[in-house]
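# Results of the structural survey
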Amino acid sequence: MEKSLLLGCPVCGTKLDIENMKTRLEIVCDTFWSKKFYFCSKNCKQHFFEDPKIAYFSMEIGIANDIPTYSGGLGILAGDIVKASADLKLDMVALTLVSRKGYFKQKISSNGDQQEQPHNWDPSEFLFKIPKTATVTIENQPVEIQAWLYEHRSPTGGLIPIFFLDTDLESNTPEDRRITDYLYGGDKKYRLKQEIVLGIGGTRILEALALKISKYHMNEGQSALLTLELLKKNNLNSEKVQNQCVFTTHTPIEAAFDQFSYDLFQELLGNQYMLSTVKQYASQENLNMTYLALNLSKYVNGVSKAHMSYSKKIFPGHHIRSVTNGVHSFSWTCRFFRQLYDKYIPSWANEPVLLVRASEIPNLEIWNAHLKAKNSLFNFIKTKSTVALDPNILTIGFARRATGYKRSTFIFSNLNNLMEINKKGKIQMIFAGKAHPRDIEGKHLIKEIYRYAKELEEQIKIVYLENYDMSIASKLTSGVDVWLNTPIPPMEASGTSGMKAAHNGVVNFSILDGWWIEGCIEGVTGWGIGPHPSELVTVEERRKRELTDLYSKLKYLIVPTYYKNRDRWITLMKNSISKIAYYFQTQGVVKRYITEAYLL
Ligand SMILES: *Cc1c(COP(=O)(O)O)cnc(C)c1O
């Protein structure tokens, strides 16, 4: 036990002097799941273990860079929600898979070919194995599931247990031991097994741990099988199940919904759940996880206002709300800006709405903090790349999963225009992102960027950083000058990396899609690209206007402001903090979940 550290009581936050076992009264220590927990009073102890909790289910959770159980925005969001919930001392537990081989480690050859390596990690190094298991039946065989505990603790004292589910037990067949190895790996059968472990196994683990649950929150549809388990427990009373379930959908188009054939469903689960009942909620043709979650949740939300409107069209008759995503402010603010906020906006970390006051920070200090972040990124790049970047040059960052709709090569649509811009004021670019191992188009995009980097090498320096992860994401979203995003609307349900950028005074330049429709005040918080979604335009017309905006705003607004009007640029940076970051943060998101969904 860390002796000198004053832990907070996870329920009320009272500082606990564990060395002397004292607060005002005596500290209460108790052992649960073979692990010691400390509280300031019996009352708080009782509250922690006996009061009903929110169970937050997510196929991926990105809680720390060393725990590679995430692939992108969905997992990072889940981690940020856990962090904000801990800040707010919410009664929550989270569940995910242990993904012993992670998503994957990305290597890229010199001509841009992605190679994937397993990202092996040892749960015992970071997590505590709980001596309790649960069992699910797959293909008529029992599969035993164990849970690893990660205690996420906020400086406020708040503590959220995350349970990482794991089938790698000697009691299981060699094949079943591998179910929780690869995040989003394998074929349909492998994926459905994973979802059985997460949804059904997760619910049973909670029961095995004797935790009372008030709400089951499904972050995306992969955990939706939990609803079948709840239906069974509630004698098929769907209303009772709906009252316990909350569903956050992240997918804007139907083709991308997670689906399985009923043949596969029956092959794996036999007659454990009545097929006619399942079909009633998960659609007749296919086991559609989105529909299953949607039909059995009283509260359903999309992740931005635009995403809510699209979802309403896909699911007529359903009441869909919108809670726009956010990021965990403290986690995504680099140390230089943390220092600045500590000085001018004390207590911002636990009350990020206070960032609204960023306009009071002196320009010079904003600029100096930014330069430090930029230099720190550039020093990192020196260790990774032979391309020499110059910190005095306007730097554009683009990093996200490499997949078709994110259009990472959009800026290379017209190289002549790009050179023209570069003549007005020099630019350079940094890219990063992994393509899913089976996403041929995504891999091709990476190769294309490598090709453009070579082609433009004499004029415009372009770096592609390998193995995009949380750590690289923080460096990039704080160290570049402009954060670019060019998805095909309406595919970006929300997007969050631009919110990270805003927390560090990095200015957004993006297609008007997802969160940016709400975040963009043209010329004030950054710039939009392309028509507003309310304008009805053809696909060709849209693309034409997107390209016009992309190149003309770079040439006539962004480059000249950056080089010739530094004060105006710093105002844009401050506006990014005071008009974007203050609002697009997960404490706000969690507060809305509490009042609108959890207390429902
Ligand atoms: C924030 C983050 C994302 C999400 O970025 P988007 O631009 O919203 O897609 C993906 N991957 C990592 C590692 C991140 O940190």
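Computed from a predicted model, the values in this text were never measured in an experiment.

### Observations regarding the packing of helix α2 (residues 73-87) against helix α21 (residues 586-598)
At a minimum axis separation of 8 Å, α2 and α21 run at an interaxial angle of 75°. Between α2 and α21, the crossing angle belongs to the class labelled roughly perpendicular. Packed against α2, whose contacting residues are L77, D80, I81, A84, S85 and D87, the element α21 presents T586, Q587, V589, V590 and Y593 at the interface.

### Remarks on unusual backbone geometry
Backbone torsion omega between P489 and P490 reads 0°, so that peptide bond is classified as cis. Notably, S34 is not glycine yet its phi reads approximately 65°, a positive angle. The residue N140 is not glycine, and still its phi comes out positive at about 65°. As for its placement among the helices and strands, N140 is situated in the loop between β9 (128-138) and β10 (141-153).

### Re the environment of S359
For S359, the position within the fold is in the loop between α12 (335-344) and α13 (363-384). Counting along the chain gives 219 residues from S359 to S578, while the straight-line C-alpha distance between them is 6.6 Å.

### A word on the pairing of strand β13 (residues 245-248)
Neither face of β13 is open: one carries C245 and F247, the other V246 and T248, and all of them are buried. Where strand β12 (residues 213-219) and β13 come together, 4 bridges link them in parallel fashion. The residue of β13 that forms the bridge with H217 is V246. Inspection of the sheet shows β13 paired to strand β16 (residues 299-302) by 3 bridges, in the parallel sense. The partner of F247 across the bridge, within β16, is V300.

### Remarks on the domain arrangement of the protein
Along its sequence, the protein is carved into domain 1 (1-51), domain 2 (54-106 + 115-325 + 589-598) and domain 3 (345-584). Each of domain 1 and domain 2 has a C-alpha centre, and these two points are 30 Å apart. Between domain 1 and domain 2, the contact holds 16 residues from the first and 17 residues from the second. The interface formed by domain 1 and domain 2 includes 1 salt bridge. Of all the secondary structure elements, the ones that give two or more residues to the side of domain 1 that touches domain 2 are β1 (7-8), β4 (35-39) and α1 (42-50). Here the side of domain 1 that touches domain 2 gets 3 residues from one element, more than from any other, and that element is α1. Its residues placed into classes, the side of domain 1 that touches domain 2 shows 8 nonpolar, 4 polar and 4 charged.

### Some thoughts on the site of the ligand
Taken together, 14 residues form the shell around the ligand, and within it R400, K406, T496, S497 and K500 come nearest. Contact distances for the ligand include 2.6 Å between an oxygen atom and a backbone N or O atom of T496. A distance of 2.5 Å is found between an oxygen atom of the ligand and a side-chain nitrogen or oxygen belonging to S497. A total of 390 Å² of accessible area belongs to the ligand in isolation, and the protein chains cover 96% of it. Put simply, the parts of the chain that give the shell around the ligand at least two residues each are α2, α16 (470-479) and α17 (497-503). Across the shell around the ligand, the residue classes tally to 5 nonpolar, 5 polar and 4 charged. For the shell around the ligand, the two domains that each supply at least three residues are domain 2 (54-106 + 115-325 + 589-598) and domain 3 (345-584).

### Digging into the pattern of salt bridges
A side chain of one charge can pair with a side chain of the opposite charge when the charged atoms of the two come close. This model, assessed by the stated rule, comprises 31 salt bridges. One salt bridge connects K189 with E139, and the closest N-O pair in it is separated by 3.2 Å. With K189 in helix α4 (residues 188-208) and E139 in the loop between β9 and β10, the pair connects residues that are 50 residues apart, well separated along the chain. Assessed through its relative accessible area of 25%, K189 is described here as partly exposed. With its nearest N and O atoms 3.1 Å apart, the salt bridge here joins K193 to E175. Within this pair, whereas K193 is found in helix α4, its partner E175 is found in the loop between β11 (159-166) and α4, the two being separated by 18 residues in sequence. The buried category is assigned to K193, whose relative accessible area is 4%. In the salt-bridge network here, residues are joined through shared partners; they are R100, D166, D168, R177, R178 and D181.

Each value, and the rule that gives it
- Residues numbered from 1 in each chain as written.
- Predicted model: local features only at pLDDT ≥ 70, side-chain atom pairs only at ≥ 80, totals over all residues.
- Heavy atoms only, no water.
- Axes fitted to C-alpha atoms, helices over the stretch in contact; angles between N-to-C directions.
- Helix = DSSP H or I, 4+ residues; strand = E, 2+ residues; numbered from the N terminus.
- Parallel < 35°, antiparallel > 145°, perpendicular 65-115°, else oblique.
- Contact = heavy atoms within 4.5 Å.
- Buried < 20%, exposed > 50% of the residue type's maximum accessible area, 1.4 Å probe, protein only.
- Pairing = 2+ DSSP bridges.
- Domains from an automatic or database assignment.
- Salt bridge = Lys/Arg side-chain N within 4 Å of Asp/Glu carboxyl O.
- Nonpolar A, V, L, I, M, F, W, Y, C, P; charged D, E, K, R; others polar.
- Near = heavy atom within 4 Å.
- Polar contact = N/O pair within 3.5 Å; in protein donor to acceptor, adjacent residues only side chain to side chain.
- Areas by Shrake-Rupley, 256 points an atom, 1.4 Å probe, with all protein chains shown as cover.

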